Amino acid sequence: DDLVSALVAVRDSDDDVLSDVELVTTCVLLMNAGYETTVNLVANGLLALLRNPDQLDRLRAEPGLAARAVDELMRYDAPIHIATRVAAEPVELAGHTFAPGEGVLLLLASANRDPAAYADPDRLDLARFGAPAPAPVVPRQLGFGMGLHFCLGAPLARLEMEVLLRALVTRVDKLELASEQLVYKSNVNFRGLESLPVRFR
């Protein structure tokens, strides 16, 4: 009754809907989208809180802020900083026209720190956003994408991070970095730490 078994059943059906290559590619996508991004959101978010202790203290004082904090942590240091798109029709962006079929590289991390869109964009502010907007409403940050490309797993990622943040501030009295020697994974698309050593009580 799991998703991968359902995909295998579609591949094995008489309708010939999914090829072996498409099945494997979809599984790789689900692994990256459902695991790697969440792991990196957790590590990047915790690191942001550890480096901004005033915001961690604020979350401890207001655990109800956890749901709103997810959007700000996604904006501040999202697990995906780059996305690619292909123009479906002629489109003009920043004075450049893209013809149908031309590729566009989107720097999401840059857009999420755009001072024209966010006041004091380099400051972490867990109360920056109101209540999370349900899909397909345009998000208040670009970490989950938008429109047709809005992340399918966004509701689950939000829930996982919110539960983690609430547990963190209600069950952990003291949390601090165990080392400042942090190493990021060498991946141009995913932004995440190899590990995040912490001490806690």
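Residues numbered from 1 in each chain as written. Predicted model: local features only at pLDDT ≥ 70, side-chain atom pairs only at ≥ 80, totals over all residues. Heavy atoms only, no water.

Let us now look at a nonpolar patch on the surface. On the surface, a nonpolar cluster with roughly 280 Å² of combined accessible area is contributed by Met 31, Tyr 35 and Val 39. Inspection of the secondary structure puts Val 39 in helix H2 (residues 20–51). (Patch = residues over 30% accessible without salt bridge, like charges linked within 9 Å, V, L, I, M, F, W, Y side chains within 5 Å. Areas by Shrake-Rupley, 256 points an atom, 1.4 Å probe, with all protein chains shown as cover. Salt bridge = Lys/Arg side-chain N within 4 Å of Asp/Glu carboxyl O. Helix = DSSP H or I, 4+ residues; strand = E, 2+ residues; numbered from the N terminus.)

By the secondary structure assignment, Arg 199 is in strand E6 (residues 198–200). It is 9.3 Å that separates the C-alpha atoms of Arg 199 and Ser 179, two residues lying 20 residues apart in sequence. Discounting residues that sit within four places of it in the chain, Arg 199 has contacts with Lys 174, Leu 175, Glu 176, Leu 177 and Ala 178. A distance of 3.5 Å separates the side chain of Arg 199 from the backbone oxygen of Leu 177, its partner in a polar contact. (Contact = heavy atoms within 4.5 Å. Polar contact = N/O pair within 3.5 Å; in protein donor to acceptor, adjacent residues only side chain to side chain.)

This part takes up the nonpolar core. Counting residues in each nonpolar core, the largest one holds 32 residues, and the members touching the most others are Leu 49, Leu 59, Leu 73, Leu 124, Leu 126, Leu 165 and Leu 196. For this core, the secondary structure elements donating two or more residues are H2, helix H3 (53–61), helix H4 (66–76), helix H6 (154–171) and strand E5 (175–177). It is H2 that provides the largest number of residues to this core, a total of 7 residues. When neighbours within four sequence positions are excluded, Leu 165 is seen to be in contact with Leu 49, Leu 59, Ala 66, Ala 69, Val 70 and Leu 73. (Core = buried A, V, L, I, M, F, W, Y, C linked by side-chain atoms within 4.5 Å. Buried < 20%, exposed > 50% of the residue type's maximum accessible area, 1.4 Å probe, protein only.)

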